[in-house]
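Residue-level listing of the chains:
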Amino acid sequence: QVQLVESGGGSVQVGGSLRLSCTASGDTFTGLTMGWFRKGPGEERDVVASISHSGTDTWDAPSVRGRFTISRENNKNTVFLQMNNLKPEDTAVYYCAADKVPPESWPYLSRLDYWGQGTQVTVAA
């Protein structure tokens, strides 16, 4: 079993930056792809970015490409989402997730094995 805890959300002005962190606990972190989803007001929950266990393979959504960067530190069981040049449409609850499926398959998944509780990101115009 894996538990995921997010941190780093908050409020920021347009064009600002935030860095989200997600730390996993449990004994099955090894081999897991990690990633982030978000759910904006009145929207479906969508995948934002994902990263393989080795960190060599990543996937990110076109809407955040060039602005968001996903990374991980396996010795700390932590995955990060660096968010730059934030826009009002980035306002959402951001969820950390983990699964064995490769990063590029995450947009097609109907469910994932592990989820965090979510952290709010608000971008003020």
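Structure: see above.
Anyway, here's the lowdown on the structure attached to this text. Predicted model only: the values in this text are computed from it and were never measured.

**Examining the side chain of Arg67**
Mapped onto the elements of the fold, Arg67 is located in the loop between strand E6 (58–60) and strand E7 (68–73). There is a polar contact of 3.0 Å between the side chain of Arg67 and the backbone oxygen of Asn85.

**A look at the state of the cysteines**
Counted by the stated rule, this structure contains one disulfide. Linked covalently through their sulfurs, Cys22 and Cys96 form a disulfide whose S-S length is 2.0 Å. Because the sign of the S-S torsion sets the handedness, a value of about -80° for the bond joining Cys22 and Cys96 places this disulfide among the left-handed ones. Separated by 74 residues along the polypeptide, Cys22 in strand E3 (residues 18–26) and Cys96 in strand E9 (residues 92–99) bring together distant segments of the chain. Cys96 carries the same exposure label as Cys22, and that label is buried.

**Things to note about the packing of aromatic side chains**
One pass over the full model with this rule turns up three aromatic pairs. A centroid spacing of 6.5 Å and a plane angle of 85° characterise the contact between Tyr95 and Trp115, whose relative ring orientation is edge-to-face. Remark: Trp115 occurs in strand E10 (residues 114–115) and Tyr95 occurs in strand E9; sequence separation between them is 20 residues. Classification of Tyr95 by relative accessible area gives buried; the value is 16%. Cluster of aromatic residues (ring-pair linked, three or more members): Phe37, Tyr95, Trp106 and Trp115. It is Arg19 that lies over the ring of Phe80; its NZ or CZ is 3.9 Å from the centre.

**Observations regarding the layout of surface pockets**
A probe as big as a water molecule, rolled over the atoms, marks out the empty space that is left. Each pocket or cavity is described by its volume, and for the largest pocket that value is around 170 Å³. Every residue along the wall of the largest pocket is listed here: Phe37, Arg45, Asp46, Val47, Trp106, Pro107, Leu109, Ser110, Arg111, Leu112 and Trp115. If you tally residues by element for the lining of the largest pocket, the top one is strand E5 (residues 45–51), at three residues.

**Details of the pairing of E7**
Along E7, the buried face is formed by Phe68, Ile70 and Arg72; none of Thr69, Ser71 and Glu73, which line the opposite face, is buried. In this sheet, strand E8 (residues 78–83) lies alongside E7 in antiparallel orientation, the contact comprising six bridges. If you follow Arg72 over to E8, its bridge partner there is Val79. Where E7 folds back onto E8 in an antiparallel hairpin, the turn is made up of four residues, including Asn77, whose phi is positive at roughly 50°.

**Some words on the nonpolar core**
Within the largest apolar cluster, 28 residues are counted, with the highest numbers of intra-cluster contacts made by Leu4, Trp36, Leu81, Met83 and Tyr94. Not counting chain neighbours up to four residues away, the residues in contact with Leu81 comprise Leu18, Arg19, Leu20, Trp36, Val48, Ala49, Phe68, Thr69, Ile70 and Tyr94. By size, the runner-up hydrophobic cluster in this structure holds six residues, among which are Phe37, Val47, Tyr95 and Leu112.

**Quick notes on the pattern of salt bridges**
A complete count under the given rule lists six salt bridges for this structure. A salt bridge links Arg38 to Asp90; its shortest N-O distance comes to 2.9 Å. Here Arg38 is found in strand E4 (residues 33–39), whereas its partner Asp90 is found in the loop between E8 and E9, with 52 residues between them in sequence. The exposure class assigned to Arg38 is buried, which follows from its relative accessible area of 14%. Using a relative accessible area of 0% as the deciding quantity, one classes Asp90 as buried. Asp113 is the salt-bridge partner of Arg111, the closest N and O atoms lying 3.8 Å from each other. For Arg111, a relative accessible area of 56% corresponds to the exposed category.

Rules behind the numbers
Residues numbered from 1 in each chain as written. Predicted model: local features only at pLDDT ≥ 70, side-chain atom pairs only at ≥ 80, totals over all residues. Heavy atoms only, no water. Helix = DSSP H or I, 4+ residues; strand = E, 2+ residues; numbered from the N terminus. Polar contact = N/O pair within 3.5 Å; in protein donor to acceptor, adjacent residues only side chain to side chain. Disulfide = S-S within 2.5 Å. Buried < 20%, exposed > 50% of the residue type's maximum accessible area, 1.4 Å probe, protein only. Phe/Tyr/Trp six-rings, centres within 6.5 Å; stacked < 30°, edge-to-face > 60°. Lys NZ or Arg CZ within 6 Å of the ring centre and 35° of its normal. 1 Å grid on protein atoms, 1.4 Å probe; cavity = no way out; pocket = protein on both sides within 12 Å on 5 of 7 lines; lining within 4 Å. Points joined across faces, edges and corners; volume = space filled by probe spheres on them. Pairing = 2+ DSSP bridges. Core = buried A, V, L, I, M, F, W, Y, C linked by side-chain atoms within 4.5 Å. Contact = heavy atoms within 4.5 Å. Salt bridge = Lys/Arg side-chain N within 4 Å of Asp/Glu carboxyl O.

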